[in-house]
Amino acid sequence: MNPYVPGAGLRPAALVGRDPVIGDLRTIIDRTTIGLMDRSMILKGLRGVGKTVLLNEMWRIAREDGWITARVEGAASAEDRLVLDQVRAELIANLPETKSKGPLQKMRKLMTSIESVSLSVSPSHTLSAGMSFSQTGDEPKGPIDPAEFMGIALSVARAVKDDSSTTAHGVMLFIDEMQLLAKQELSAITYACHKAGQDEIPFYVIGAGLPDLPTRLAEARSYAERLFTYRDIDRLDDAEARDALIIPAYKQAVTWSEGALALVVNEARGYPYFLQQYGKEAWAVASSAKRVNVISEADAKDGITRGRAELEAGFYASRWHRATAAERKYMAAMALAGSEFSTTDAVASALKRTAQSLGPTRAKLIERGFIYSSYRGQIAFTVPGMGGFIMQTPEADDLKREISGDAVARQIPDEEGVATVDEHMYYTT
Ligand SMILES: Nc1ncnc2c1ncn2[C@@H]1O[C@H](COP(=O)(O)OP(=O)(O)OP(=O)(O)O)[C@@H](O)[C@H]1O
Ligand SMILES: [Mg+2]
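A brief report on the enclosed structure follows. For clarity, every value in this text was computed on a predicted model and none was experimentally measured.

Reading the values: rules and limits
- Residues numbered from 1 in each chain as written.
- Chains lettered and ligands numbered in written order.
- Predicted model: local features only at pLDDT ≥ 70, side-chain atom pairs only at ≥ 80, totals over all residues.
- Heavy atoms only, no water.
- Near = heavy atom within 4 Å.
- Polar contact = N/O pair within 3.5 Å; in protein donor to acceptor, adjacent residues only side chain to side chain.
- Areas by Shrake-Rupley, 256 points an atom, 1.4 Å probe, with all protein chains shown as cover.
- Helix = DSSP H or I, 4+ residues; strand = E, 2+ residues; numbered from the N terminus.
- Nonpolar A, V, L, I, M, F, W, Y, C, P; charged D, E, K, R; others polar.
- Domains from an automatic or database assignment.
- Expected span 1.5 Å × (residues − 1).
- Buried < 20%, exposed > 50% of the residue type's maximum accessible area, 1.4 Å probe, protein only.
- Contact = heavy atoms within 4.5 Å.
- Arc of directions from axis to C-beta.
- Pairing = 2+ DSSP bridges.
- Axes fitted to C-alpha atoms, helices over the stretch in contact; angles between N-to-C directions.
- Patch = residues over 30% accessible without salt bridge, like charges linked within 9 Å, V, L, I, M, F, W, Y side chains within 5 Å.
- Salt bridge = Lys/Arg side-chain N within 4 Å of Asp/Glu carboxyl O.
- Left-handed = near helix turned anticlockwise from the far one by under 90°.
- Parallel < 35°, antiparallel > 145°, perpendicular 65-115°, else oblique.

### Observations regarding the site of ligand 1
Link 1 in the chain: Surveying the vicinity of ligand 1 reveals 23 residues, the closest of which are Val-5, Gly-9, Leu-10, Lys-51 and Thr-52.
Link 2 in the chain: Contact distances for ligand 1 include 2.8 Å between a nitrogen atom and a backbone N or O atom of Val-16.
Link 3 in the chain: When ligand 1 is considered free in solution it has 630 Å² of accessible area, and contact with the protein chains removes 96% of it.
Link 4 in the chain: Secondary-structure elements contributing two or more residues to the shell around ligand 1 are helix 2 (51-64) and helix 11 (272-288).
Link 5 in the chain: Within the shell around ligand 1, the residues separate by chemical class into 13 nonpolar, 6 polar and 4 charged.
Link 6 in the chain: Residues from two domains meet in the shell around ligand 1; each of domain 1 (19-232) and domain 2 (238-321) gives at least three.

### Here's the deal with helix 2
Link 1 in the chain: Between its first and last C-alpha atoms helix 2 spans 20 Å; for 14 residues at 1.5 Å apiece the expected length is 20 Å, and the two agree.
Link 2 in the chain: Residues of helix 2 that are buried include every one of Lys-51, Val-53, Leu-54, Leu-55, Glu-57, Met-58, Trp-59, Ile-61 and Ala-62, and no others.
Link 3 in the chain: Those residues of helix 2 hidden inside the fold are in contact with helix 1 (19-33), strand 1 (40-44), strand 2 (68-73), strand 5 (171-176) and strand 6 (203-209).
Link 4 in the chain: Looking one or two residues beyond helix 2, the residue adopting positive phi is Gly-66, at roughly 90°.

### Structural notes on helix 15 (residues 359-367)
Link 1 in the chain: Every buried residue of helix 15 is listed here: Gly-359, Thr-361 and Leu-365. Along the axis of helix 15, the buried residues cluster in a sector spanning 165°; they form a single face.
Link 2 in the chain: On its buried side, helix 15 packs onto helix 13 (325-337) and strand 11 (371-372).
Link 3 in the chain: Looking one or two places after helix 15, you find Gly-369, whose phi comes out positive at around 75°.

### A word on the sheet that holds strand 12 (residues 378-381)
Link 1 in the chain: Pairing in this open sheet of 3 strands is antiparallel, and the strands run 10-12-11 from one edge to the other. Each end of this open sheet is capped by a strand with a single partner; those strands are strand 10 (341-343) and strand 11.
Link 2 in the chain: Both strand 10 and strand 12 contribute to a ladder of 3 bridges, which runs antiparallel. In the sheet register, Phe-341 faces strand 12, and the bridge partner there is Ala-380.
Link 3 in the chain: In the packing of helix 13 onto the sheet, contacts are made with strand 10, strand 11 and strand 12, and the angle to strand 12 comes to roughly 95°.

### Quick notes on the sheet that holds strand 2
Link 1 in the chain: Ordered in space as 2-5-6-1-7, the 5 strands form an open sheet in which the pairing is parallel. Whereas interior strands pair on both sides, the edge strands pair on one side only; in this sheet they are strand 2 and strand 7 (228-232). Averaged over all pairs of adjacent strands, the angle between strand axes in this sheet comes to 15°, irrespective of strand direction.
Link 2 in the chain: With 4 bridges joining them, strand 1 and strand 6 adopt parallel strand pairing.

### Quick notes on the environment of Glu-90
Link 1 in the chain: With respect to the helices and strands, the residue Glu-90 is situated in helix 3 (residues 83-94).
Link 2 in the chain: Sequence separation between Glu-90 and Ala-70 is 20 residues, and the spatial gap between their C-alpha atoms is 5.2 Å.
Link 3 in the chain: If we ignore the near neighbours within four places in the chain, the residues touching Glu-90 are Thr-69, Ala-70 and Arg-71.

### A word on the environment of Thr-69
Link 1 in the chain: For Thr-69, the position within the fold is in strand 2.
Link 2 in the chain: Separated by 101 residues in sequence, Thr-69 and Gly-170 have C-alpha atoms that sit 8.5 Å apart.
Link 3 in the chain: With near-sequence residues (within four places) excluded, Thr-69 lies in contact with Trp-59, Ala-62, Arg-63, Glu-90, Leu-91, Asn-94, Met-172 and Phe-174.
Link 4 in the chain: Here Trp-59 takes part through its side chain, which lies 3.0 Å from a polar atom of the side chain of Thr-69.

### A closer look at a nonpolar patch on the surface
Link 1 in the chain: A cluster of nonpolar side chains, namely Ile-246, Ile-247 and Tyr-250, defines an oily patch on the protein surface of about 290 Å² accessible area.
Link 2 in the chain: Within the secondary structure layout, Ile-247 lies in helix 9 (residues 238-250).

### Quick look at the packing of helix 9 against helix 10 (residues 258-268)
Link 1 in the chain: Across the interface, helix 9 lies against helix 10 with an axial gap of 10 Å and an inter-helix angle of 115°. In terms of crossing hand, the pair formed by helix 9 and helix 10 is right-handed. Across the interface between the two elements, Asp-238, Ala-241, Arg-242, Leu-245 and Ile-246 from helix 9 touch Glu-258, Leu-261, Val-264 and Val-265 from helix 10.

### Focus: the packing of helix 5 (residues 146-162) against helix 6 (residues 183-199)
Link 1 in the chain: Where helix 5 contacts helix 6, the axes come no closer than 9 Å and their chain directions differ by 30°. Judged by the angle between their axes, helix 5 and helix 6 are roughly parallel. By crossing handedness, the relation of helix 5 to helix 6 is classed as right-handed. Residues Pro-146, Ala-147, Met-150, Leu-154 and Arg-158 of helix 5 touch helix 6, and the partners they reach there are Gln-184, Glu-185, Ala-188, Ile-189, Ala-192, Lys-195, Ala-196 and Asp-199.
Link 2 in the chain: Taken together, the residues of the contact of helix 5 with helix 6 sort by class into 8 nonpolar, 1 polar and 4 charged.

### Looking at the pairing of strand 1
Link 1 in the chain: With 5 of 5 residues buried, strand 1 is to be regarded as a mostly interior element.
Link 2 in the chain: Neither face of strand 1 is exposed, since Ser-40, Ile-42 and Lys-44 on one face and Met-41 and Leu-43 on the opposite face are all buried.
Link 3 in the chain: For strand 1 and strand 7, the ladder comprises 5 bridges, and the chain directions are parallel. Considered in strand 7, the bridge of Met-41 is made with Thr-229.

Here it is, written out as structure tokens:
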């Protein structure tokens, strides 16, 4: 059975190279048990590096350890459905049934009386942990805003701590694609983490998102920078990449030849998604040739060819074709620049536009998660290798022609001296 699983959020047969981050979560858990506080955590990285599977693993660990959890995901149309409203529903479902009329029971009542968490209610401007203890939840609360909701979520965590009839340790929220949350949600979440630390409430947020998530958080609350532990979820090193290939096969008594391993590790450049894709194809080639117990160098070569085609059709083309013509042109200009980061000014000048007039296109590309911006005026692709893929598209060819034609045109003097220009240049460039 092919053990490799290229895909979004699909748990790999061997989750390698992430022990330090998992260790950070265990530290939070251990510290809480002895009454110490820690910071909430943010996992950031490019598409396909394994943020979602890591977040899911951490969620599993927290649940097993007896935390009350909610696991939710931001969506591009965040305004339609607030993530905090999903958190509300999940917390209600996961709150333990306590018999006593203790604090947790009260909080459960209050929680269930909330109709929804929405941006359309006028802001309460209040968030204070514990404020809701005075309320009983007997009255329906109707819709509330993100700040008020986070106040109540904190109160739930405090109730968990104070209620002797529960063995739960606290509340932990797991939020994927967190860069997509509304600013008000990010602001409320950040403030809640701040408050939890100050008031020693066992409440943590583990968020995952694109590399500009820290910037989004800092825009929402300036002190966010000091509030979270930020972890880069990055490429795997060679030894880890080899493990990602070897271990799943080993479980089925299949081995990789040294040459095959070297080829795939080199091709995948440490990106987990690519390792799964090439691993899967190499395995498929070997098993279709009925060489079931060893993956040879030849299998790996064929697997890489097939894997590249799969990546182009899936990982890259699916995104490229979802973009509008204007968005593609913008990304083609980025790709043509050839470096990992481009500036919005350079893109604008390649497209003969102003950076300002391209603002809406850039904003849309960011919202759709194709590109990100960690610093003002700087942009990059969220998908590893996207620039290389785009360079092979007709849009990039067109733009190349436009730009090189333009470069030649610039050499033509405006007035006299036209005769000195070599016309041939038009055709050779
Ligand atoms: N540590 C790992 N070891 C081996 N394979 C992994 C690891 N992490 C992730 N993968 C594999 O990589 C692929 C991408 O994982 P995942 O969906 O978690 O990435 P992501 O960072 O959430 O991507 P996106 O930003 O697109 O949501 C999956 O096929 C998964 O099985
Ligand atoms: Mg993901």
